[in-house]
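# Remarks on the overall topology
Each chain is listed here by its residues.
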Amino acid sequence: MAAATATLEYADRASREMRERAAARNIPTIWDRYEDVQPQCRFGKLGICCRICSMGPCRISLKEGKPPLVGACGADADTIAARNVARMIAAGTAAHSDHGRSIAHTLRLAADTDQADYQIKDEDKLRALARTYGIKTEGREARQIAREVASAALDEFGRQEGEMVMPTTAPAARQRVWKDLGIYPRSIDREVVELMHRTSMGVDADYRNILRHGMRTALADGWGGSMIATELSDILFSTPRPLRSTANLGVLNPRHVNIIVHGHEPTLSDVLAVMSRDAKLLERARERGAEGITVAGICCTANEILMRHGIPIAGNFLQQELAVLTGAIEMMVVDVQCLMPGLSELAKCFHTMLITTSPKARMPGVQHIEFREDKGRAVAREILETAVDNFAHRAAEKVYIPDAKERLVAGFTSESVFRFLGGRYRATYRPLNDGIMTGRLRGAAGVIGCSNPNVDYEKGHIGLVKELLKNDVLVVTTGCDAIACAKHGLMRPEAAFAHAGQGLQEICRAVGIPPVLHLGSCVDNSRILRVLSNVVAEGGLGEDISDLPVAGAAPEWMSEKAVAIGFYFVASGVYTLIGQPLPMMGSENVRRYLTEEIEQEVGGKWAFELDPVEAAHRMIRHIDGKRQALKLKPMMYAQAFKSEG
Amino acid sequence: MSKIIAGAAIRGAHKLVKRAETALAEAIAQKGEDAAVEYPNTAYYLPIMLLFLGQRVKKLGDLEESLAEARKLLPEVPSDEVWLPYLGDTLDAGVATLIAEETIEALKYAVGPGPAGGLWLGFTDDATLRLQGIKLVDGRMPGFAAIVGRTGTNREAVDLVRGLQERNILVFMAGHSGGRAIAEQLAEEGIQMDWNTFLVPYGKEITAAVHSLNFAARSAMTFGGIEPGDMQAARRILLYNKNRVRAFVLALDSDPDTPKDQLISDEKYATAAGAINFGFPVISDVDIPQILPTGICTYEHVVANVPLAEIITRSAEVRGLTIKIEKIPIPVPYGAGFEGERVRREDMFVEFGGKYTDAFELLRMKHPAEVEDGKIEVVGPEIDAMEQGKAYPLAILVDVAGRQFQEDFESVVERRIHEFISCANGIFHMGQRAIIWLRISKDAQRKGFKIRHFGEILVAKIHNEFSTIIDRVQVKLITDAEAVKKPMEEARAVYSQRDDRIAGMTDEDVEDFYSCVLCQSYAPNHVCIVTPERLGLCGAYTWLDCKASHQINAHGPNEPVKKGECLDPVRGQWKNINDYINVKSNGNLERFNAYSILEEPMTSCGCFECICAIVPEANGVLIVDRDYTGMTPVGMKFSTLAGQIGGGTQTPGFVGIGKLYISSPKFISAEGGIERVVWMPKALKEEVAGRLQERLKKIGREDLLDKIATEEDAETPDQLLEYLRKAGHPALRMDPLL
C-alpha cells in the first residue's frame, strides 16, 4: 500500500501552510498518524477478515495456486466481504437517519408550543411535505400540520407494517424497480436491524442476497433518514436560497472571538450562528478586548449554516486540526460524526476549548455542555459566553491565520432550481433538461464525499471536477467535496469562464450560476435525489433516474456514510464511482456483482478509479452511453474528451 | 440571461415601477382613489394584472396594490463579481415591468390624454381580439411580431413589414430608437396601418408594448378558456402562450446613450424580459448580448446581430413558426396581411363592379377534357388599354376539374375567391357572386399588375389549397361590357339553383354532421358540431365547407360524425354526437343540445360572430355581434358577455353563434325559435334582414322584424320591455323561458 506517501501538493495553500507549521512544531496531525498506522491490514482492506464471532478472526488467504480458504464456519470470501460491506451500509444509514430522527423530534417540539426555541420557518415546504404524507393542510394552522408531519416522519423509523412513504416521491418507474426486486424499504430502523441480524453469525450466506438487503437499507437512508433530515431541517431552519459566502481558514478573524462549529447537525449550530449576532454578547466580546465574534464551520455543520445563513466555512474534514493550529480559535463546538478524537490532544497545545455537546458523542477529558432541543437558546448562550470569555486566554504569539479565503455562491436546492431557472411564474427545470437534450450540457455529475489521507489531499476532488467541467458536465456537490470546490474557487460564477466547456459556459452565463452547485451537507445528498426526480418529471430524458445522462462520484471517500450514500445512488439507478475501492476486493464474485451484474437489477453500478482524470472519463463514457440510449443530439460544441463508440 | 441583459432588465424594471408609482400618485392626487380605470371594451379589466395577480382592477386605488406587488418582484441588480443566479430574477423583473407598463398605459385612459390618436391605436379591444384571434387560431396567421425601435431607412421599414405581411405575420409596433419609431417611418411612406392590414402601431413609448402582451394574455383566457386567478392559472396562461401563440419581439436599432455592450435601453430589456415569460424570444439587428440556451422560450431567448434581410427567416426559426411562403407569379407582394387593405378613390387606378358596372365571379365544375390547366384568358381590354379612374365590367369565370370534386364544393371554393384576390397588395376585393367590387391601385398598376394576374392568383391558390380535390384550373376574365352580359345571366341562374339546394337541406336529411376542431390549437376543450342548419359559430364554416374540408384532408380538423340514435329531437341531441364530443373535449363535456340555449348548449372557442343571451325580463333573447361595442339591455357589453362563454365551457343562457344561424329554422328552436329574439344592434339587424325576412315569410311572421328592438329603441331592460309591449312582441306571450 503506497498510500502513506499521500501529499498535500494539490491542496489549497492554507492547508499546505498549516501542515508545514504543525510539522515544524512537531505537532502530529492526521497525516502523521496515518503514516504511523502503516502498513495497514491487507485482509481488512480487501474485506476478507471476519470477526463477527469468537471463532474468528478468520482471514481468507488469497495466495495464488491454492484453493481459496473459508472461515472456521465455512463462510467464504464472498459471504465475508458482502457482510462487511453491508455492515458499513448499516452504520452509515444509522448515522444519517439518527440525525434525521433528532430533527423530527425538534419539529415536534416546535409544533407543541409557539414558545419553543425552534419555529416553523418554511410553511410552504411543510405543507408540501404534508401532502406527501396525506395530511390535510387546508384551513389548518402550521403547527397543527407540523405535529402530524413530525409524527409521520417518526413513523418512518419504527413502522412495523407496510412500507415507507417518503420513497413514494421517487419516479414511478424507479419504485417499480425496487418493488420487483423486493428492496422497497419498509422502515428505517427495521432495515438496519434486519441487516445486522442477517449479517450476524450463521444467518445470510448468499452475497447477492446480503447486498440486496444492503441496498434496501441504503434506500431507507437516502429516500428516508437523510431525506427526512433535509426536508425537516428546511421546514425548521428555512429552505436555502442562493447566497454568497467565503471559505477556508482565512475566514477566521485575528481580532474576533473565533468559534468553530464542527460536526453534522444544524440544531445547535443554527441557534449559535443566529445568537452570535446578539448585541449583549458582542458587548461582552468587546469588554474582553475582541472586536467581534466570528462563527465558522467545519464539515457538514458548516454546510448546514452556510446554506441557510451564509456563515463562512473554515474547512473540511482534514482541516479540523489545522483550524485549531491557527491558535486563533476560542472554542470548537462539536456535535456528531467525523470528529477526530485526536482533537482533544491537539486542543491542549492551545487555549482552544473543545466542547462536546451530544450525549452520543463525548470524548474523554473534554468539557461537555449537553445540548437539548428544549433549551436550545439557553445552551447556546452558555456556550457563546464561555467562548467569549476564553478570548482573554489567547496567546498572540501562537496565532497564525493563513491569508487564504475564497468567495463562493451556495444555497442551491431542488426547489431553488425551479425558481432561479424560471422565476416566480415560469418556475421550471426546463432550461436544465433542454441544456442536456440540445447538447450544451453533456450531462450532470454529483461529486461528493469525504477527504482521506490515503490519497493526495483534494487531488481527487479538484482534478475530477475540473475534468468534468471541461467536458460540459454540470457538477452538483455536497459535503467535503463542496468545501474543496469552494476553496479552489470553483463555486464562483466566474469559474465557468475559466474551467467550463463552451456549452456549460453558455448555460452558466444564461442563468448566472457557478459551474459547481453547492447542495449542502451529506444528508443533503437527498437533494440530489430530488433534483434527479424533478429532471425525470420535467420530461424528455427518459422515465427513470437510470435513463438520465448522469453519474456520481466520491473520489476521496472515507466514512461508512459514504458507503450508504453510494449504495442508495446505485440502487436509485446512478453510476457511482469512488476512488479507493470498497473493502471487498478480496471477493471476485462480490466485485463482479457490484461493478457489473447489479446494473441489470437496478440500473446503477459501482466503479473504482483513483486517477481523477480517468475517473472523469469513465463517468463521461457512462454519460455518453445514456445520451446514445436516449438518442439525444450530438454535443453542440467540440468536446475535450471523446469517448470512443 | 447574459449578465448585461439581466442587469439592464432589472435596472429598467426598477425605473419603470418608479415611473408608474409617480404617475399613479399624480393621477390619484388629481382624480381620487375611487376614480375608474379601465381599457375600452374589454371584459378582462387590466389584463396583465388579471393574469399575474388575479386582480380585477377597477379604480385607481386598486393600482396601488398592483404596484406594491410589482415592487415585491423587483430583484437586486446582479453584482459585478460573485453574482447570484439572475435568470429567474430577470424574469420576475420582467413581470414587474409589465405591471408597471400596464399601469402607465391604463392611466392614459383614466387621466388623459388618451393614447389613441394620430397613427397610434392604443389598446386592442376584445372584439378585435376575437375577430383577429381566429386567424391566429386557425393558422391563417402563423404568429405575431412585436417590433420595437426603427430601421435605418424608411425603405428598410417598408421592406420589413411587407415581408412580414407576405408571410401573414401580424405586426405590433411600440417604442422608438432615438426619438424615431418604425410606425412613423411607415406613415411617411404612406403605408396603411390598422387592423385591416395587420400592421398595428400601439404607441411611441416602449410602455405601449404591453398591449401586445395583454393581447396575448387575453388570447389564453378567451380561446384557451383559462380562468385567471392564482399563480397556477398565471403559469398556465404563460405556458399556453409559449406553446400556442407564436409571437416574437424584433428589437431594431440601438438606443443613444447606452453602454457599448448593451446598446438598447434598460426599459426595452425589461419589457423583453416580460415577453420572455410568455415564451416570446427577442431577435435584434444590432449586436446585443445573446441568450442562446433554451428553456423558458422553446428555442433561443435572445438572438442578435441578424441582418434585416434575414431577420424574418431567422425569427421564424427561433420561434418555431411554420411559414408557408406563397410565391404567386404576380408583380405585387402577396399575403394575408394585405387582405383587409383598402384602396381609396384617390389611390385607385381602375375599378370593377360595385354600383358602377356589371361584375361577378363564378366557379364551375367541368369535365377534365374541358379544362386546360393553367390557362388564363382575358376577353376585352387589358389594363394597359384602360383609363385611369374609370370603372369597367368584370367576369371572373373559374373552371375546375378533379376526380374527387363534387358539385357541392363549387360554392365552397368560389367563396374563397374573395380572400385569394384580396391578399394581393394594392388590390381591393369585396362581396361575392354578382355583388363584387374590385379596385386596382395606382401603385399596383405601376408595378405591372394586369387583369390576367387575377387568373394567376386563382390558379396558384386553388391548386395550393385544394390540391386533393382539384387537378385542373382555368380562368377566363371578361372586361368587355357586351361579352359580360350573357355569362352573368347564366351565373345568376346557377346561384339560384345552389341556394335552393342548400336552403332545402335540413338536419334530418343527413346521416352525418361534421365536427370542427380547428380551434383546438387555441381552445383545447372546445369542439364544434356543424349541421346543415347550424353553421360553425365563427360564421366561416357551413356543413358543406366542413364536408369539402374533410374531402380535402381526411385527417384535418373536420370529420363526419354519425348522428346515431336521436335522444331528443326538440333540443337536438344524438347519442353518437354526445359520445364524440365527450372524447374530443377531453372529457370536458358529456352532452350538448344543438337547438337549445338554456339546457346544455353548445360551447364556444371564443371566436363567435355573435352571442345570443337570454333577457329574463323580456322572456326572450338578444343577439349581439362583435362589432357592436355599446351596452346591451342585459347590462353587459359584447366583451363582457364574451368573457362568460369562451374556452369550451357550457354556460346555460348564453351561446355563441354564426350570423347565418339566426335565419335558420333550427335557431334555438327548443325555446321557441326566432320569435324569442327581442333585441339586436341596428347594424346587425340590417345585415341579416334579407335572409331573416324570407324565413319570417315562411312562418307567416313578416311583422316580427319591426318588433325586434335595437339600441335606438332600448338599452336597458325597462326601456326594452316598454318597447316590446308597445310593439306587441310575441315573446311576451310565449311560455316562460325560465
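Residues numbered from 1 in each chain as written. Chains lettered and ligands numbered in written order. Predicted model: local features only at pLDDT ≥ 70, side-chain atom pairs only at ≥ 80, totals over all residues.

## A look at the overall build of chain A
Rule in force here: Each helix is a run of H or I in the DSSP string that is no shorter than four residues. Each strand is a run of E no shorter than two, and both are numbered from the N terminus. Three exposure classes are used, all based on how many other C-beta atoms lie within 10 Å of a residue's own C-beta (placed from the backbone): buried at 20 or more, exposed at 12 or fewer, and partly exposed between those limits. With C-beta atoms placed from the backbone, a contact is any residue pair whose C-beta atoms sit within 7 Å.
Counting secondary structure elements, chain A contains 25 helices and 16 strands. Principal-axis analysis of the C-alpha atoms places the extent of chain A at approximately 70 × 60 × 55 Å. Taken over 645 residues, chain A has a buried fraction of 61%. Within chain A, contacts between residues separated by at least 24 positions form 75% of all contacts whose residues are at least 6 apart in sequence.

## Section: the overall build of chain B
Worth spelling out the cut-off: What the globule rule says is 2.2 Å times the number of residues to the power 0.38, and the radius of gyration is computed from C-alpha atoms.
Within chain B, the secondary structure is distributed over 22 helices and 23 strands. In summary, chain B has a C-alpha radius of gyration of 27 Å against a globular reference of 27 Å for 738 residues, a match within 12%. Looking at chain B residue by residue over its 738 residues, the buried ones come to 56%. Pairs at least 24 residues apart make up 75% of the contacts formed inside chain B by residues separated by at least 6 positions.

## Brief notes about the interface of chain B and chain A
Note the cut-off: Three classes are used: nonpolar for Ala, Val, Leu, Ile, Met, Phe, Trp, Tyr, Cys and Pro, charged for Asp, Glu, Lys and Arg, and polar for all others, with Gly counted as polar.
On the side of chain A, 29 residues touch chain B, which itself brings 29 residues to the contact. Elements that contribute at least two residues to the side of chain B that touches chain A include exactly helix H1 (3-31), helix H4 (87-111) and helix H9 (231-244) of chain B. In terms of residues, the side of chain B that touches chain A owes the most to one element, H4 of chain B, which gives 6 residues. Each residue belonging to the side of chain B that touches chain A can be placed in one class, and the counts come to 19 nonpolar, 5 polar and 5 charged.

## Topic: the environment of Phe123 of chain B
Residues and elements named next belong to chain B. As for its position among the elements, Phe123 is in the loop between H4 and helix H5 (126-137). For Phe123, a count of 27 C-beta atoms within 10 Å gives the class buried. For the pair formed by Phe123 and Asn41, sequence separation is 82 residues and the distance between their alpha carbons is 9.4 Å. Setting aside chain neighbours within four positions, we find Phe123 in contact with Tyr39, Pro40 and His211.

## What to know about the sheet that holds strand E14 (residues 472-478) of chain B
Residue and element names in this part refer to chain B. Put simply, the rule reads: A pair of strands counts as paired when DSSP detects no fewer than two bridges linking them. Each axis is a line fitted through C-alpha atoms, and for a helix only the stretch in contact is used; angles between axes span 0 to 180 degrees, taken between their N-to-C directions.
Taken together, the 4 strands give an open sheet; going across it, the order is E8-E11-E14-E9, and neighbouring strands pair in mixed fashion. Two strands close off the open sheet at either side, each with one partner strand: strand E8 (359-365) and strand E9 (376-379). Taken pair by pair, the neighbouring strands of this sheet meet at an average axis angle of 10 degrees, ignoring direction. Relative to strand E11 (residues 394-401), E8 runs parallel, the two sharing 7 bridges. Residue pairing for E11: Glu361 is matched across the bridge by Ile396.

## Remarks on the packing of helix H9 (residues 207-237) of chain A against helix H22 (residues 525-538) of chain A
All names here are of chain A. What counts here: Note on angle classes: values under 35 degrees are labelled roughly parallel, values over 145 roughly antiparallel, values of 65 to 115 roughly perpendicular, and the remainder oblique.
Direction vectors running N to C along H9 and H22 enclose 110 degrees, while the axes themselves pass 8 Å from each other. For the element pair H9 / H22, the angle class is roughly perpendicular. On the side of H9, the interface is formed by Gly222, Trp223, Ser226, Met227 and Thr230, while H22 contributes Asn525, Ser526, Arg527 and Leu529. In the contact of H9 with H22, the residues fall into 3 nonpolar, 5 polar and 1 charged.

## Brief notes about the domain arrangement of chain B
Residues and elements named next belong to chain B. The condition that has to hold: Those domain boundaries reflect an automatic or database domain assignment.
In terms of domains, chain B is made up of domain 1 (3-319), domain 2 (336-499) and domain 3 (507-733). Examining the composition of the side of domain 1 that touches domain 3, we find that 7 residues originate from one element, H5, more than from any other. When its residues are assigned to classes, the side of domain 1 that touches domain 3 shows 8 nonpolar, 7 polar and 5 charged.

## A word on the pairing of strand E10 (residues 406-410) of chain A
Residue and element names in this part refer to chain A. Burial analysis of E10 places 4 of its 5 residues in the buried class, which makes it a mostly covered element. One ladder, built from 5 bridges, connects strand E3 (residues 243-247) with E10; its direction is antiparallel. Bridged to Ala247 within E10 is Glu406.

## Some words on helix H21 (residues 502-511) of chain A
Buried residues dominate H21 of chain A, accounting for 8 of its 10 residues. Residues Gly503, Leu504, Glu506, Ile507, Cys508, Arg509, Ala510 and Val511 of chain A constitute the buried set of H21 of chain A. The elements touched by buried residues of H21 of chain A are helix H16 (414-422), helix H17 (430-437), helix H18 (459-470), strand E12 (473-477) and helix H20 (495-499) of chain A together with H4 of chain B. Positive phi appears at Gly512 of chain A, one or two residues downstream of H21 of chain A, with a value of about 85 degrees.

## Some words on the environment of Phe608 of chain B
All names here are of chain B. Within the fold, Phe608 resides in the loop between helix H18 (575-584) and strand E20 (610-615). The sequence separation of Phe608 and Pro665 amounts to 57 residues, and the corresponding C-alpha distance is 20 Å. Phe608 has contacts with Leu537, Cys538, Gly656 and Ile657, leaving out every residue within four places of it along the chain.

## Topic: the nonpolar core
To keep it simple, the criterion reads: Connectivity within a nonpolar core runs through C-beta atoms within 7 Å, and the core itself is a set of buried Ala, Val, Leu, Ile, Met, Phe, Trp, Tyr and Cys residues.
In terms of nonpolar packing, the biggest core is built from 468 residues, with Leu107 and Met619 of chain A together with Ala9, Val171, Ile611, Val621 and Val678 of chain B touching the most fellow members. When sequence neighbours within four positions are dropped, the list of residues in contact with Ala9 of chain B reads Thr90, Ala93, Gly94, Tyr269, Ala270, Ala272 and Ala273 of chain B.

## A word on the confidence of the model for chain B
Note the following rule: The predictor attaches a confidence to each residue, called pLDDT, with possible values from 0 through 100.
In this model, chain B carries an average pLDDT of 91, and 99% of its residues clear a pLDDT of 70 or more. Of the two predicted TM-score estimates for the complex, the pTM is 0.83 and the ipTM is 0.94.

## Focus on the sheet that holds strand E13 (residues 437-441) of chain B
All names here are of chain B. Spatially, the 4 strands line up as an open sheet ordered E10-E7-E13-E12, and their pairing is mixed. Two strands in the sheet have a free side with no partner beyond their single neighbour: strand E10 (391-392) and strand E12 (427-430). Two elements, E12 and E13, share 4 bridges in a ladder whose sense is antiparallel. Bridge pairing in E13 places His429 opposite Leu438.

## A closer look at unusual backbone geometry
A cis geometry characterises the amide bond from Gly56 of chain A onward to Pro57 of chain A, with omega recorded as 0 degrees. Positionally, Pro57 of chain A belongs in the loop between strand E1 (49-50) and strand E2 (58-59). For the bond running from Gly112 of chain B to Pro113 of chain B, omega is -5 degrees, close enough to zero to count as cis. The phi torsion at Val82 of chain B lies on the positive side, around 45 degrees, for a residue other than glycine. Its place among the elements puts Val82 of chain B in the loop between helix H3 (60-73) and H4. With 18 C-beta atoms packed within 10 Å, Val82 of chain B lands in the partly exposed category. The phi torsion at Asn305 of chain B lies on the positive side, around 60 degrees, for a residue other than glycine. Along the chain, Asn305 of chain B turns up in the loop between strand E6 (302-303) and helix H11 (311-319). On the basis of neighbour count, Asn305 of chain B is assigned to the exposed category, with 11 C-beta atoms found within 10 Å.

## Notes on the domain arrangement of chain A
Residue and element names in this part refer to chain A. Taken domain by domain, chain A holds domain 1 (3-59), domain 2 (77-237), domain 3 (249-398) and domain 4 (412-629). Spacing between the C-alpha centres of domain 3 and domain 4 amounts to 32 Å. Listed as interface residues are 13 residues of domain 3 and, on the opposing side, 15 residues of domain 4. Of all the secondary-structure elements, those providing two or more residues to the side of domain 3 that touches domain 4 are helix H12 (299-309) and strand E6 (313-315). It is H12 that contributes the most residues to the side of domain 3 that touches domain 4, 6 residues altogether. When the residues that make up the side of domain 3 that touches domain 4 are grouped by side-chain class, the tally is 8 nonpolar, 4 polar and 1 charged.

## Concerning the packing of helix H4 (residues 77-112) of chain A against helix H8 (residues 188-198) of chain A
Residues and elements named next belong to chain A. Basically, it comes down to this: A clockwise turn of the near helix away from the far one marks a right-handed crossing, whereas an anticlockwise turn of less than a right angle marks a left-handed crossing.
Running from N to C, H4 and H8 cross one another at 155 degrees; their axes reach a closest spacing of 9 Å. The orientation of H4 with respect to H8, classified from their angle, is roughly antiparallel. Once H4 is placed against H8, the crossing between them reads as left-handed. Residues Ala86, Ile89, Ala90, Thr93, Ala94 and Ser97 of H4 lie in contact with H8, whose contacting residues are Ile188, Val192, Leu195 and Met196.

## Thoughts on H8 of chain A
When we look at burial in H8 of chain A, the residues that qualify are Ile188, Asp189, Glu191, Val192, Leu195 and Arg198 of chain A. Looking at the packing, one finds that the buried side of H8 of chain A touches H4, helix H6 (142-158) and H9 of chain A.

## Some words on the environment of Leu181 of chain A
Residues and elements named next belong to chain A. By the secondary structure assignment, Leu181 is in helix H7 (residues 172-181). Judged by the 14 C-beta atoms lying within 10 Å of it, Leu181 is partly exposed. Sequence-wise, Leu181 and Val602 are 421 residues apart; in three dimensions their C-alpha atoms are separated by 8.3 Å. Residues in contact with Leu181, not counting those within four places in the same chain, are Arg212, Glu601 and Val602.

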